[in-house]
Amino acid sequence: MSKKGYKKVNNATGIYKQENSGKYLAMKKVSGKQFQKSFDTIFEAKQWRKYFDGISFNHPSGDSDTESNYSTLKEVWEVMQVHHFPTLATSTKAIWRRRYKLLKTLEHLPMDKITPSKITSWVNKNVEYFKTDEYQGSGRGRAGRCNLNNELNMFVTIFNWYKQSEQFEKEALLLTCPVKTKHRKLGFIKPVPDKKKQIDLQSALLFFDYLPPLYRELAQMQFYCAGRIGEICGIQWSNIDMQNRRMLIKHSSIFHPVNKTFLELKPFPKNKESRPVFITDEIMDILKRREVFRIDGNDFVFHVEGAPLNYGTIQLNYREAQRKSKVPYSGTHILRHGMAKLARQIGGGLDAVIAMTGHKDLKLADHYSKCNEDDQRHFSEKIMEHIRNNTRKDEVDQASFSNVVSLNSFKKANNS
């Protein structure tokens, strides 16, 4: 028959996809006679191709890795890239593709054959490799691996999409995720390096002093808004109402994953929801200073002669200021973490954190503002001060009783 309007499905013999309707056409020759049938999903098409005998369609149940009616991990990953990736940020897609690389050793397996025991074997094999002297001495970056959490989380992300997708809804219905809590424990390679993420107020103020004017204003705005660096770089004048003291974080700058240059202005932030910010006096001062550099036809608040900021340049300025100020913090995200922590301390709860950061998930809000070693120092000093005060009181009480002469001793002394 003519294949006009149909596209061959990669790695699926005898299966074609109708470009307009999205249906799958399966073709099979049995005893010299050609048969064909249309299906809504590639899963059904594969089943029919595999088990149709020219008369009926009955498929057996198999336990081997090769005998399965389910799509392979590779097939799910490819369909996910077609249907889900267009909704993701460029940087997110790059990160996901990088994290998928280790999962390639599982991609030949059908989804129902990727069991907890298979994940255990995969984890153990990779941990064994990453602990070898050969890997540990392979150089900076790769040798810094501490666990397999990112790859395990990537598989969970793929599996969750697989369960919720329309393309695989029938075959995925009864499956459960094979990644268990124990796999993250088994995936431990070495402790994660100690890194302070929640910059305290005094360190933040000191850090600002060592930044050039443009990047000082950028960092201060990031801190006061508890924003992601891309959101602050993407702030537009059209979303600022200085008269009513209202600013909308509605856009986000996207940077190239390799050279860190500006790629595009995304019309929504990471969680795809705009976030209003009250313009405090401090934010108002920054905006008034930036107004001097406003250019007709350019809506960016932060720019260099009309060009959007590049992340690589921001990193260089931040790192240099962090080095000169000698604050024990690094990176650009410390300011968002720091304000989240400050909001929890001043506001007294996660509601204050959510109001500042825009998080919708309580777990994330808690993660950003959780207790750290500064809290431990603060509370341990308060506790020890309480202990010292009570210790001094006991010493005073004991000293006062040691000077008291009993009545019997006094009478004996007089009689003698």
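Residues numbered from 1 in each chain as written. Predicted model: local features only at pLDDT ≥ 70, side-chain atom pairs only at ≥ 80, totals over all residues. Heavy atoms only, no water.

Caption draft 1: Region of the structure containing a nonpolar patch on the surface. Residues Ile383, Met384 and Ile387 make up a contiguous nonpolar surface patch of about 260 Å² in total accessible area. With respect to the helices and strands, the residue Ile383 is situated in helix α16 (residues 373-402). (Patch = residues over 30% accessible without salt bridge, like charges linked within 9 Å, V, L, I, M, F, W, Y side chains within 5 Å. Areas by Shrake-Rupley, 256 points an atom, 1.4 Å probe, with all protein chains shown as cover. Salt bridge = Lys/Arg side-chain N within 4 Å of Asp/Glu carboxyl O. Helix = DSSP H or I, 4+ residues; strand = E, 2+ residues; numbered from the N terminus.)

Caption draft 2: Just helix α13 (residues 334-347), in detail. With 14 residues, α13 extends 19 Å from end C-alpha to end C-alpha; this agrees with the ideal 20 Å at 1.5 Å per step. Regarding α13, the residues found buried are Ile334, Leu335, Arg336, His337, Gly338, Met339, Ala340, Lys341 and Ala343. Downstream of α13 by one or two residues, Gly348 has phi in the positive range, about 85 degrees. (Expected span 1.5 Å × (residues − 1). Buried < 20%, exposed > 50% of the residue type's maximum accessible area, 1.4 Å probe, protein only.)

Caption draft 3: Summary view of unusual backbone geometry. Although it is not a glycine, Arg245 sits at a positive phi angle of roughly 55 degrees. For Arg245, the location among the structural elements is in the loop between β5 (240-241) and β6 (246-249). Overall, Arg245 belongs to the partly exposed group, its relative accessible area being 28%. Within the chain, Lys260 stands out as a residue other than glycine whose phi angle is a positive 65 degrees.

Caption draft 4: Region of the structure containing the sheet that holds strand β4 (residues 33-39). If you walk across this open sheet you meet the 4 strands as β1-β2-β3-β4, and the pairing is antiparallel. Of all the strands in the sheet, just β1 (6-8) and β4 have a single pairing partner and so form its edges. For this sheet, the mean inter-axis angle between neighbouring strands, taken without regard to orientation, is 30 degrees. In the sheet, strand β2 (residues 15-18) pairs with strand β3 (residues 24-30) via 3 bridges, with the strands oriented antiparallel. Within the sheet, the bridge partner assigned to Lys17 lies in β3 and is Tyr24. Against the sheet, helix α1 (residues 42-51) contacts β2, β3 and β4, and its axis sits at roughly 5 degrees relative to β3. (Pairing = 2+ DSSP bridges. Axes fitted to C-alpha atoms, helices over the stretch in contact; angles between N-to-C directions. Contact = heavy atoms within 4.5 Å.)

Caption draft 5: Region of the structure containing the sheet that holds β6. The 3 strands lie next to each other as β5-β6-β9, forming an open sheet whose pairing is antiparallel. Since the sheet does not close on itself, it has two edges, and those belong to β5 and β9 (275-278), each with one partner. Strand direction decides the pairing type here: β5 and β6, joined by 2 bridges, are antiparallel. Within the sheet, the bridge partner assigned to Ile240 lies in β6 and is Met247.

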